[in-house]
Structures are given as structure tokens and as C-alpha cells.
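Chain residues, written in single-letter form:
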Amino acid sequence: MSEKVIDLWKEWVNQRWNADAKFLNLERMNQDAFLKRHRLTSPASPDASKEAQVVFKIASKLKPEVETISLAHNDLVSGRMMSTLAHYLPKLANLSLEGNKLSGWKEIDYISGKRGRLSQLRELVLVGNPMRELEYKNNRAQQYKSEIARRFPTLEMLDGEPVTRVGFDAPTNAPSSSTRPHTKLSSFAWNMEPPFIAGVDGSIVSNFLMRYFPLFDNQRGALLDVYSPDATFSFSANTAIPPRARIEGLHVSKDFPNQRKLEWAPWLSGGLGGSRNLDRMTGGLQKVTQTLHLGNEQAVKAMADLPGTKHDVAGTPEKFSVDAFPVRQGERTNLLVTIHGQFSELPSHGIRSFDRSFILANAPEGSRAKQSGWDVVILSDQLVIRAYSSHEAWRPGPMRVQAGDLLPSPGLQEALKPLPEPQRTLMLDLVLRTRLNLQFAEECLKNNDWDLERAMANFEQVKANLPADAYLPQDAFLP
């Protein structure tokens, strides 16, 4: 666009801007006299290309910052024109799409998907759109409200009505995404991401875990109040040594001298019913029922009969991975918290790995949990005890396919970033297979028409004659 056209758009945006209300009125753009007079394509027109992007970019520079935008009555059949809205106005709080022709959830994905999410949206209006009206007509209003609330965790008002939530819906910052090298040989196609906590105040989760595990380790009877009177608890023992741990020799290593002292018998037969491994369980229905502990008293009694433990959640947090997010259960929204980590078993001090899944709810006022200072109450608790496997499994970054495979360091990944695909992937594959530096790897691939297998065969032919500086140093790879 020419500067003259940009100036016209700026003039038009300013005409529709109410600075006192922090409100940008973009309603009925197709009928706008200014746009027609200056022969400007309406951003809402099916023929528009970059007009909406230009408008949002101009809006991003308005002072004070835009809080509310109305795109009502624009005959929008697609959400595509909103695809850059979150990029230019990430703090937008209120959005009206009233009276348009949006008919499917994919249109909402433009403002609720990973790339374009309005992460701070508080109010949304969709009245008059087919997607909303059809749900109401078919008696699916609650499903419609739940779906919108799921897509916009920060939403407080929907179509003029308060969004009903429990305390777990407080937003948190989503973990930022990182570059994912698609390494065919040594790593999976997706990186291991950091712990995922969304739709809940992170302090609720951390406060619960930092209080729960010390009590589980030292005073299990004191956990009685945090379990709901109708809570369920079960545990299962997986005695198989994970393949990667077996390859790395973790269970026979001199670095872990206490592993040989560990015994599985207390986990398989303890806990007032034994391990609830349904794949290996014998004993019929009686065994199935006696390994599921119902009610807070039975749950705590079962835990008290298990071996002693020590979870060092405060001293070595990197050895634990926590995910937490809201889940719908009937008409209620509860919180699913999963923890992967390790503990020392007492008195042997051998190390075991574990997975634990809690379903939590708000502690009701007047409940024993609330009176004891707990913000939440446990509805369900499932514990899996496993043979030890290193916490390196969930370290953020590339994931090894096999133990011992090379993985690129962040610096090496950054050096490969400027390359387009598929050259970047081919370069990374060749480097991880050969340790060649980037100059030699690129030359090898270019001379073989970017055919990876031909390049590998060529490398095998000439590697004996390559100089030492043709190879990358060890710090170019993760340990």
C-alpha cells in the first residue's frame, strides 16, 4: 500500500476510535461511507487481502491501548480476517462479533488457536451467529458455553452473561514454544516441552504439592482431611526396568549403590489390598474391588501400610514434572494434576520413579479440608510406582529415540535456524550421524544433490582423509 492509502486508513481508524472508552468501533464496515468515497476495500469484504491487518496494526499504536473492539454486523462468514488480531492487539479484553454469519468452530480458531489466541479476552459476544443460534435451538446451550469457556480460559462474560467457573479457571502464562528440529535418526519429531499448567493459578498447584508430599513422607495420617469423604485411592507397581534405564545400567551402577536393596514385595502385597495392576491381577472381582480404596479413611489407611518414602520436591524440583489443567466431570469443572518424579524408599534409600494423578476440587466452605487450611480437596488419587528411570526423560528439548544418540545443543540448533526446510532437517540429520561441522556437512549434501543416503555413503568413503577440524566439538551436542 502507498503512504497516501495508509494515511487514509489512519484517518478512518481515528474516526472510529473512542479514546475515553478505549473502544474501536469496526461495525458495519461494508456500508461505511468514508471507505466507499475513497474506494477502499472494506476489511470485512470477501475481497479484502491485507486491509484487516493494516487496520489492526494501526490500532496497535493507538493511545491509550485498545481494550474493546466491535466487529458486529459485518456479514463475516469466516474468521480469517481476525487471524492477526492477537498479534497486534494481544491485550484485547472485549470483542463483539454480534450479528455475523460465523457457522463453525473453525472460524473461532482464528482467535482461540495456539497461533492466534486472545489470551486476555474477558468478554465475547457471538449473539446472532449461526454457530451460536443453532446450539441454542438444539438445546445445546450448555455445551456451547462450555466449549467457549474451554477455548478462552480468561473469559468472564459470554453473550452478556457471566461465565460460570470454579477457582481453577484463573489463567496462567502458557509456556512459550521452542524450535522443534525434525530429526529422523536421533530424536522424536517434537521436543519435550516444559511442565504445562493452564487454566489454574499456579500457586494453587504448588502450594498443594509442597504441603502434600512432606505429609505423605512423614505423617500420612494428617492427610485425612484433604481427601474427600467419597474419595478413591489406588496404587499399582510396575516392576519392569524401563529399556532406557536398563541400557544406561542405572540399576547396577556404582552411582546408585542402594538399588540392590530394594524389594517389590511391600508394594505388590502391601497397602491393605496390594497392587492394582489390572493387566496382571488374579483373584477375580474380589481382588479388583479390594485394591480400590473408597473414602478418605480407607485411602489413608492404605497409604499408611505402604513403604516409607522421601520426595525431595523442594531441594531438587528439576526431578519432578507437573502438568495441571481443568477437566469437565458432568456439570462440574475440576482440576487434573499429574506428577512424574522420583523418591527415596525408606529405610533402604534406593530410588524409585513414580507417576501420580490427582483429581482436585475446590475445598467447600466449612469442610474439614477448608478448616485445615487446604484450598482443594482430593476426589481421586492414582499412584504408579516404577523402577527408577532418570528425570532426563522430561528435560525440555529434543528427545532421544535411543539412549546414547546424539542430540543438538541449543547453539547448534540456533546455527541451523537460517536454513530453509528441508535443508535444515537434512543438515541436522547428517551432523548427528557424522559429527561433521556445518561447512563440511553442507558441502557433502550439496555435492550429493541433498540426498541424505548418498551423502552418508560419500562420507564413509572419505572420512579417513578428513582433517580433525572437519568435526564439531563435543559441546555442540547435549551430554
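Scroll up for the structure.
Computed from a predicted model, the values in this text were never measured in an experiment.

## Looking at helix H6 (residues 130-137)
Residues spaced three or four apart along an α-helix face the same direction, because each turn holds 3.6 residues. Taken together, the buried positions of H6 are Met131, Arg132 and Glu135. Looking straight down H6, one finds that the buried residues subtend no more than 100° of arc, so they occupy a single side. Tucked into the core, H6 has its buried residues touching helix H5 (105-112) and helix H7 (141-151). Directly after H6, the chain includes Asn139, whose backbone phi takes a positive value near 60°.

## A look at the environment of Asn94
For Asn94, the location among the structural elements is in strand E4 (residues 94-96). For Asn94, a relative accessible area of 14% corresponds to the buried category. Linking Asn94 and Glu123, residues 29 residues apart in sequence, is a C-alpha distance of 4.6 Å. Excluding its chain neighbours within four sequence positions, the residues that come into contact with Asn94 are Glu67, Thr68, Ile69, Leu121, Arg122 and Glu123. Of note is the side chain of Asn94, whose polar atom sits 2.8 Å from the side chain of Thr68.

## Quick look at the packing of helix H15 (residues 423-434) against helix H16 (residues 438-446)
The contact between H15 and H16 brings their axes to 10 Å, and the two run at 115°. When the axis of H15 is compared with that of H16, the two are roughly perpendicular. For the crossing formed where H15 meets H16, the hand is right-handed. Between H15, through Leu426, Met427, Leu430 and Val431, and H16, the contact on the second element is made entirely by Leu438, Ala441, Glu442, Cys444 and Leu445. Broken down by class, the residue content of the contact of H15 with H16 amounts to eight nonpolar, no polar and one charged.

## A short note on the sheet that holds strand E5 (residues 123-125)
Strand order in this open sheet of seven strands is E1-E2-E3-E4-E5-E6-E7, and the pairing throughout is mixed. Here the strands that pair on one side only, and so sit at the sheet edges, are strand E1 (17-18) and strand E7 (161-162). Pairing analysis gives three bridges linking strand E3 (residues 68-70) to E4, with the strands arranged parallel. What sits directly across from Thr68, in E4, is Asn94.

## Here we look at the pairing of strand E8 (residues 227-238)
Two elements, E8 and strand E14 (residues 376-387), share eight bridges in a ladder whose sense is parallel. Directly across from Ala237, in E14, lies its bridge partner Ile385. Both E8 and strand E9 (residues 293-294) contribute to a ladder of two bridges, which runs antiparallel. Within E9, the residue paired with Phe233 across the bridge is His293.

## Side note on the packing of aromatic side chains
Enumeration over the complete set of coordinates arrives at 17 aromatic pairs. Ring geometry for Trp267 against Phe343: centres 6.0 Å apart, planes inclined by 50°, an arrangement best described as tilted. Residue Trp267 is located in helix H10 (residues 265-269), and its partner Phe343 is located in strand E12 (residues 332-346); the two are separated by 76 residues in the primary sequence. With respect to burial, Trp267 and Phe343 carry one shared label: buried. Taken together, the ring pairs connect Phe208, Tyr212, Phe213, Phe216, Tyr227, Trp267, Phe320, Phe343, Phe354, Phe358 and Trp374 into an aromatic cluster. Taking NZ or CZ as reference, Arg220 lies 4.1 Å from the ring centre of Phe216, over its face. A cation over a ring is seen here: Arg352 above Trp264, with NZ or CZ 4.0 Å from the ring centre.

Cut-offs and rules
Residues numbered from 1 in each chain as written. Predicted model: local features only at pLDDT ≥ 70, side-chain atom pairs only at ≥ 80, totals over all residues. Heavy atoms only, no water. Buried < 20%, exposed > 50% of the residue type's maximum accessible area, 1.4 Å probe, protein only. Helix = DSSP H or I, 4+ residues; strand = E, 2+ residues; numbered from the N terminus. Arc of directions from axis to C-beta. Contact = heavy atoms within 4.5 Å. Polar contact = N/O pair within 3.5 Å; in protein donor to acceptor, adjacent residues only side chain to side chain. Axes fitted to C-alpha atoms, helices over the stretch in contact; angles between N-to-C directions. Parallel < 35°, antiparallel > 145°, perpendicular 65-115°, else oblique. Left-handed = near helix turned anticlockwise from the far one by under 90°. Nonpolar A, V, L, I, M, F, W, Y, C, P; charged D, E, K, R; others polar. Pairing = 2+ DSSP bridges. Phe/Tyr/Trp six-rings, centres within 6.5 Å; stacked < 30°, edge-to-face > 60°. Lys NZ or Arg CZ within 6 Å of the ring centre and 35° of its normal.

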